[in-house]
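Topology and contacts: notes
Each chain, written out:
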Amino acid sequence: MVIFINGSYVSDDTKISYNDRGIQFGDGVYEVVRVYHSTLFTATEHFERLVRSANEIEITSPYSVEEYIEICNQLIKENEIDNGTIYVQLTRGDAVRNHTYPTDTQPNILLYTNTAERPMQDLQQGVKAITTEDIRWLRCDIKSLNLLGNIMNKQKAVTNGAKEAIQIRNGIVTEGASSNIFIVKDDKIITHPANNFILNGITRRVIKQIADAEGIAFEEFTFDEKVLKDADEVFLTSTTQEVMPITEIDGENVNQGQVGPITKRLQSKFDEHIITNHA
Ligand code: PDD
């Protein structure tokens, strides 16, 4: 497989330095971009978010959005990716370990491809989730490499036979360990506002566009665990999980364990979006 590191297309056994600040501090940001039938999906939005995340931690992106898209297309071609993802990681660069930002280093940029089919069975049947305390930092809007809180909660979900951990901070449902969370109540879609407590998901934005076009109310409000558990429908969104129904939370059925009608409608419109929208 061919990967891209700091300006060169190289073999996937190429190493990065132990002095990379991403390794030592998680001092960097990342993106996961979807590829459907060898075509990038919402890539502009992903790379704009990468540049924003980098700026928030005072890393200057070495490439423009258009340049990132060119690199991705080259990797898709080289690695003959049909359905898959591209992982993009931008760190502050190599420096002798010191908490303070180094002033004389160049960022390290890494892109590689994965093959990944759509999770069709789960999309049709729905998945189980658990609720758990949101133990992450207060800048969840930055897509930071520091994912300890997320991975600990995801592991807890899997250990408990579920696919996702719905995180709750001070009684408020924020988002999943690797997804945004939505409820449907009285035909309205409700999700946490896009502030520092969640990542403003690209799939979330697509859902907002679809809801607007379909005339379905899309409201950004905070809600608590009781409202979550009383919802008519619950679903999550992410680049890899798309519009994924949640049919069980903490062992209790949502919508009698069935995928609800609004979730199904969004899924079908999302499918159309995949076909019609390219980078
Ligand atoms: N995760 N919230 C969190 C904490 C996430 O990690 C993700 C995505 C999302 C959804 O964002 P988007 O729709 O832009 O993928 C929300 C990616 C896929 C990951 O870490 O693998």
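Conventions adopted
Residues numbered from 1 in each chain as written. Predicted model: local features only at pLDDT ≥ 70, side-chain atom pairs only at ≥ 80, totals over all residues. Heavy atoms only, no water. Helix = DSSP H or I, 4+ residues; strand = E, 2+ residues; numbered from the N terminus. Rg over C-alpha atoms; globule rule 2.2 N^0.38 Å. Buried < 20%, exposed > 50% of the residue type's maximum accessible area, 1.4 Å probe, protein only. Contact = heavy atoms within 4.5 Å. Areas by Shrake-Rupley, 256 points an atom, 1.4 Å probe, with all protein chains shown as cover. Lys, Arg positive; Asp, Glu negative; His and termini not counted. Charge placed at Lys NZ, Arg CZ, Asp CG, Glu CD. Domains from an automatic or database assignment. Buried area = accessible area lost by both parts, 1.4 Å probe. Salt bridge = Lys/Arg side-chain N within 4 Å of Asp/Glu carboxyl O. Polar contact = N/O pair within 3.5 Å; in protein donor to acceptor, adjacent residues only side chain to side chain. Nonpolar A, V, L, I, M, F, W, Y, C, P; charged D, E, K, R; others polar.

This part covers the overall build of the protein chain. Each helix and strand in the protein chain was counted, giving 8 helices and 15 strands. Its C-alpha atoms give the protein chain a radius of gyration of 19 Å, within 12% of the compact-globule value 19 Å for 279 residues. Taking the principal axes of the C-alpha coordinates as reference, the protein chain spans close to 55 × 40 × 30 Å. Of all 279 residues assigned to the protein chain, the portion counted as buried reaches 51%. Taking contacts inside the protein chain between residues at least 6 apart in sequence as the whole, the part at least 24 apart equals 70%. By element, 49% of the accessible surface of the protein chain is carried by carbon and sulfur atoms, the whole surface being about 13200 Å². Averaging the locations of the 27 positively and 41 negatively charged side chains of the protein chain gives two centres separated by 4 Å.

This part takes up the domain arrangement of the protein chain. On domain assignment, one finds that the protein chain holds domain 1 (2-116) and domain 2 (121-276). On a C-alpha basis, the centres of domain 1 and domain 2 stand 26 Å from each other. On the domain 2 side, the residues contacting the 24 residues of domain 1 number 20 residues. For the pair domain 1 and domain 2, the summed buried surface comes to about 1800 Å²; carbon and sulfur atoms form 62% of the total. Remark: the boundary between domain 1 and domain 2 carries 2 salt bridges. A salt bridge links D141 to R52; its shortest N-O distance comes to 3.0 Å. Our count for the domain 1 to domain 2 interface comes out at 8 residue pairs in polar contact (both at pLDDT 80 or more). Residue assignment for the side of domain 1 that touches domain 2 shows that the elements contributing at least two residues are α1 (21-25), β3 (28-36), α2 (43-56) and β5 (84-91). At 8 residues, the largest contribution of residues to the side of domain 1 that touches domain 2 is made by β3. Its residues placed into classes, the side of domain 1 that touches domain 2 shows 9 nonpolar, 9 polar and 6 charged.

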